Amino acid sequence: MNEKYYAAYLNNEEQLKLSSSGGMAYAISEQIILSGGVVFGIRYSNDFFCAKYVKIDNLENLSLLNGSKYITTEKVIDGVGVFKSVYNVLLNQRKVLFIGTPCDIGNLISFLKKNKCQDFDKLVTLDFICQGPIKAKVQKEYIQFLEHKYNSTLVDFSVRYKHPYWKPVYLRAVFSNGKEHIKPLYSTDFGRAFRIYGTERCYKCKYKDANHCSDITLGDFWGLLPEDKGYNRYGTSVLVTHTDKGEKVLNRLSNVMIFEYDKEKAVGNNPMYYESRKRNEKFYKFEKIYSYKGLHKAVFCTRNFPSKIKYLLNLFLGKRPY
Ligand SMILES: Cc1cc2nc3c(=O)[nH]c(=O)nc-3n(C[C@H](O)[C@H](O)[C@H](O)COP(=O)(O)OP(=O)(O)OC[C@H]3O[C@@H](n4cnc5c(N)ncnc54)[C@H](O)[C@@H]3O)c2cc1C
Ligand code: SF4
């Protein structure tokens, strides 16, 4: 079938605020669980240093998947590779929703074909428009720095915090002593590193445009204006169905608002749908400094002159951005 393009959001404001864009990953996951299926997605570890696949079959644990984790992920669940875990669930004739990067979906499908899986009809795959993650150790270093600064343990972390709305994007860290660190994402060391220091394979990603292997692709509906149909100030997803199965999943959803758009309006403002990220001109300098002086020095040294002055001025005034 030909791809179809939509603006969509979850009709549950509380849950929508906890999602990165329009909460459609939650809406689809909820529907799969209510129909007796199992969802594979990404959660943070308890210390937020890393992100890993988890298998969920009840609504109580679904909140673990909330929000984008902008870091590389571990693909093992209880000592078993995640693709093998999916295979085992399908073998038991249960429905599976697998949510992952477009390359994880491509690799899952190759794995299942190689192992002669007969149950593809039970599998729904959901990926997102992807510029690629940053190495998990960058997040670990950033969190350790914040924990030292706030002299407290991190208890919650989001790189897509709605403060209070979907745009602009904020980073939020919450500590056990009740303190909060809330900053525009791209003003923080973590956000700056995310922009500059991509993962090598993502500069030549083959899972773009019609090469997505998933049933459904989600992303942020950038470029949608408040007067456009489907706009929600708490977040609107762009949703692309690539298969009939994806369309069927969409048609079964309740508690969502969905509006069809043409391709140009839907993904025209989202270059990562079509093409791989370009290597930032500061990548090699960042990498070199990061490897022997760490995150904070690498970020500072790759600032341009006005940004360095602004940073030092803020430091002098006691306002530490980080
Ligand atoms: C590394 C990364 C880069 C992205 N780049 C873009 C982009 O350039 N343009 C764009 O429009 N959208 C991008 N997105 C997607 C966007 O941030 C939202 O995740 C998407 O719009 C879905 O939002 P939601 O509100 O439906 O769900 P959310 O509540 O955000 O749920 C996200 C789902 O994605 C899964 N997930 C979270 N982190 C990861 C991860 N690291 N690897 C695999 N699965 C994960 C979770 O299991 C969860 O089910 C990116 C996401 C990630 C993780
Ligand atoms: S950009 Fe491509 S290669 Fe990188 S994580 Fe996303 S899908 Fe995988």
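Definitions and limits used
- Residues numbered from 1 in each chain as written.
- Chains lettered and ligands numbered in written order.
- Predicted model: local features only at pLDDT ≥ 70, side-chain atom pairs only at ≥ 80, totals over all residues.
- Heavy atoms only, no water.
- Patch = residues over 30% accessible without salt bridge, like charges linked within 9 Å, V, L, I, M, F, W, Y side chains within 5 Å.
- Areas by Shrake-Rupley, 256 points an atom, 1.4 Å probe, with all protein chains shown as cover.
- Salt bridge = Lys/Arg side-chain N within 4 Å of Asp/Glu carboxyl O.
- Helix = DSSP H or I, 4+ residues; strand = E, 2+ residues; numbered from the N terminus.
- Near = heavy atom within 4 Å.
- Nonpolar A, V, L, I, M, F, W, Y, C, P; charged D, E, K, R; others polar.
- Buried < 20%, exposed > 50% of the residue type's maximum accessible area, 1.4 Å probe, protein only.
- Contact = heavy atoms within 4.5 Å.
- Phe/Tyr/Trp six-rings, centres within 6.5 Å; stacked < 30°, edge-to-face > 60°.
- Lys NZ or Arg CZ within 6 Å of the ring centre and 35° of its normal.
- Domains from an automatic or database assignment.
- Buried area = accessible area lost by both parts, 1.4 Å probe.
- Polar contact = N/O pair within 3.5 Å; in protein donor to acceptor, adjacent residues only side chain to side chain.

A. Region of the structure containing a nonpolar patch on the surface. Nonpolar side chains collect at one region of the surface, where L313, F316 and L317 lie side by side and expose about 380 Å² of accessible area between them. Assignment of secondary structure puts L317 in the segment after α11 (305-316).

B. Up close: the site of ligand 2. Taken together, P102, C103, C130, Q131, G132, P133, R201, C202 and C205 make up the full set of residues near ligand 2. Broken down by class, the residue content of the shell around ligand 2 amounts to six nonpolar, two polar and one charged.

C. Local environment of the environment of F175. Looking at the element boundaries, F175 is found in strand β10 (residues 170-175). The buried category is assigned to F175, whose relative accessible area is 2%. With 22 residues separating them in the primary sequence, F175 and T153 have C-alpha atoms 5.4 Å apart. Leave out the neighbours within four places in its chain, and F175 touches L146, E147, Y150, S152, T153, L154, V155 and H181.

D. Structural view of the packing of aromatic side chains. Overall, the coordinates contain 21 aromatic pairs when judged by the stated rule. Ring-pair connections join several aromatic residues into one group, and the members of that group are Y197, Y203, F283, Y284, F286 and Y290. Over the face of the ring belonging to Y261 we find K229, whose NZ or CZ atom lies 4.9 Å from the ring centre. Here K308 stacks its cationic end above the ring of F300, 5.7 Å away from the centre of that ring.

E. Broad picture of the domain arrangement of the chain. In terms of domain boundaries, the chain breaks down into domain 1 (4-133 + 199-273) and domain 2 (136-197 + 281-316). The C-alpha-based centres of domain 1 and domain 2 are spaced at 26 Å. The interface is formed by 29 residues belonging to domain 1 together with 24 residues belonging to domain 2. Roughly 2,300 Å² of surface becomes buried between domain 1 and domain 2 when both sides are summed, with 59% attributable to carbon and sulfur atoms. Among the residues domain 1 hides against domain 2, the three largest losses belong to F48, F49 and Y70. Together they make up 34% of the total. Taken together, the connections running from domain 1 to domain 2 amount to one salt bridge.

F. Geometry of the site of ligand 1. In the vicinity of ligand 1, 33 residues are found, and the nearest of them are S20, S21, S68, K69 and I129. In the model, an oxygen atom of ligand 1 is placed 3.1 Å from a nitrogen or oxygen of the M24 main chain. Within the backbone of I129, a nitrogen or oxygen atom sits 3.1 Å from a nitrogen atom of ligand 1. Coverage of ligand 1 by the protein amounts to 97% of the 900 Å² it exposes when considered alone. The set of elements that each furnish at least two residues to the shell around ligand 1 consists of α2 (24-34), β2 (38-44) and β12 (216-220). The greatest single-element share of the shell around ligand 1, amounting to three residues, is contributed by β12. Looking at the shell around ligand 1, its residues break down into 13 nonpolar, 17 polar and three charged.

G. Spatial organisation of helix α3 (residues 82-91). In terms of burial, α3 is largely enclosed, as seven of its ten residues are buried. Looking only at α3, the buried set comprises V82, F83, S85, V86, Y87, V89 and L90. Of the residues trailing α3, Q93 is marked for its positive phi of about 65°.

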